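Residues per chain are reported as follows:
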Amino acid sequence: MTILHEATHWHKKKLGTWPNLDNPKTFNEKIAWLKVYDQDRDQITCCDKLAVKDFIAKDFGTDLIIPATTEYPMVIKANNGSGGVRFANNKQEEIEAEEFCRQKASKPYGKGKGEWAYRLIKPGVVKEQKLEGTGVDYKFNCVHGEVKWVTMTWDRHGGKKKESILDPNGNTTPLHLVHTMKHVEQEPFDGLENFFEMKKIAEKISARWKYIRVDLYWEGQPKLGELTFWPGGGCYKTPDNLKFGELLDINLTTTKEPVIA
């Protein structure tokens, strides 16, 4: 099964329509296009929650990296997929969380969706310090090194998950991306000054990519959460699909040789 087959059939399965990859317009269509025509071997490293730490630290310094830890509390997660984060406050919780995450890591993520890079990652488990800040996740959506919008999420591990879509200047917008989250027009929790510091980091990291989502936290300084190339598998059920597609104004005139055809 080719990546083209996976990406287009996943779109059809989840959204009920075939994506137009000859002239993609919506956010979801453009993510499907990127899966097929913008493959890069470094995406494998960037999608690996272990390997990405050294990859980013090499160019942007270790201060950006959430440190590994053997002390509690800690965050434990599989390195090769999405979701499945566990918290441990003692040895027994650590053992149970690690077992859960190892089982999760053993199952190839992204197959059938066209998210090709994850199947090439050596499975592993990440153990890192639990952050003490607001816990707000700032997801900087970047096109050719420029932030186009920020998906700010909070209350992800308790209560109703919330989302606010911010413009590049930190202003709220009425746009709504993740239908399973409650839409709230909320300004940056950590203030505009810190927002702009994170934005600078996101734009530096994203400079070489057509599109990448750079997830950052504020912990007295920016801390890297993860890097994502195909958010939501390119299957968001949003009435703003076309508007996000317009923001995702990637260069469609150049393609790369596929890593996996």
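Treat the numbers as computed from the prediction; the structure is a model and nothing was measured.

Asks: Can you break down the overall build of the protein residue by residue, with the values?
Replies: Across its full length, the protein holds 7 helices and 9 strands. Here the C-alpha radius of gyration of the protein, 18 Å, is about what a compact globule of 261 residues would show, namely 18 Å. Structurally, the protein occupies a C-alpha span of about 50 × 40 × 35 Å along its principal axes. When burial is assessed residue by residue, the protein has 50% of its 261 residues classed as buried.

Asks: Describe the pattern of salt bridges, with residues and values.
Replies: For the structure on display, the rule yields 19 salt bridges. With a closest N to O distance of 3.4 Å, Asp249 and Lys148 form a salt bridge. With Asp249 in the segment after helix H7 (241–247) and Lys148 in strand E5 (residues 146–154), this residue pair connects regions lying 101 residues apart in the sequence. The class for Lys148 is buried, based on a relative accessible area of 17%. Residue Asp215 is joined to Arg213 by a salt bridge in which the shortest nitrogen-to-oxygen separation is 2.8 Å. The class of Asp215 is buried, set by a relative accessible area of 2%. A cluster of three or more residues bridged by salt bridges with shared partners is formed by Lys49, Asp137, Lys139, Arg213, Asp215 and Glu226.

Asks: Please provide a residue-by-residue account of unusual backbone geometry, values included.
Replies: Note that the residue after Tyr72, namely Pro73, is joined by a cis bond; omega there is 0 degrees. Among the secondary structure elements, Pro73 is positioned in the loop between helix H4 (51–60) and strand E1 (74–78). Its identity is not glycine, yet His144 carries a phi of approximately 50 degrees, on the positive side. The topology assignment puts His144 in the loop between strand E4 (137–143) and E5.

Asks: Tell me about the sheet that holds strand E2 (residues 86–88), and please be specific about residues and values.
Replies: Taken in spatial order, the 3 strands make up an open sheet running E2-E1-E3, and their pairing is antiparallel. Edge positions in the sheet fall to E2 and strand E3 (125–129), since each has one partner strand and no second. The sheet shows a mean angle of 30 degrees between the axes of neighbouring strands, direction not considered. The sheet contact formed by E1 and E2 spans 3 bridges and is antiparallel. By the bridge assignment, Val75 is partnered in E2 with Phe87. Here helix H5 (residues 91–105) sits on the sheet in contact with E1, E2 and E3, set at roughly 20 degrees to E1.

Asks: Now, about the nonpolar core: what can you tell me, with residues and values included?
Replies: One finds Ile56, Phe140, Leu216, Leu224, Leu227 and Trp230 to be the most contacted residues of the largest nonpolar core, which totals 57 residues. Residue contributions to this core peak at 6 residues, all from helix H2 (residues 27–37). Beyond its immediate stretch of four places on either side in the chain, Ile56 contacts Gly61, Leu64, Ile65, Ile205, Leu224 and Leu227. One finds Met74, Ile76, Ala88 and Ala97 within the second-largest nonpolar core, a separate group that totals 6 residues.

Asks: I'd like a description of the packing of helix H1 (residues 3–15) against H2, backed by residues and values.
Replies: Put simply, H1 and H2 touch, their axes get as near as 8 Å, and they point 160 degrees apart. The angle between the axes of H1 and H2 places the two elements in the roughly antiparallel class. The handedness of the crossing between H1 and H2 comes out as right-handed. Contacts between H1 and H2 pair Ile3, Leu4, Ala7, Trp10, His11 and Leu15 from the former with Asn28, Glu29, Ala32, Lys35 and Val36 from the latter. Taken together, the residues that form the contact of H1 with H2 break down as 7 nonpolar, 2 polar and 2 charged.

So, how was this worked out
- Residues numbered from 1 in each chain as written.
- Predicted model: local features only at pLDDT ≥ 70, side-chain atom pairs only at ≥ 80, totals over all residues.
- Heavy atoms only, no water.
- Helix = DSSP H or I, 4+ residues; strand = E, 2+ residues; numbered from the N terminus.
- Rg over C-alpha atoms; globule rule 2.2 N^0.38 Å.
- Buried < 20%, exposed > 50% of the residue type's maximum accessible area, 1.4 Å probe, protein only.
- Salt bridge = Lys/Arg side-chain N within 4 Å of Asp/Glu carboxyl O.
- Pairing = 2+ DSSP bridges.
- Axes fitted to C-alpha atoms, helices over the stretch in contact; angles between N-to-C directions.
- Contact = heavy atoms within 4.5 Å.
- Core = buried A, V, L, I, M, F, W, Y, C linked by side-chain atoms within 4.5 Å.
- Parallel < 35°, antiparallel > 145°, perpendicular 65-115°, else oblique.
- Left-handed = near helix turned anticlockwise from the far one by under 90°.
- Nonpolar A, V, L, I, M, F, W, Y, C, P; charged D, E, K, R; others polar.

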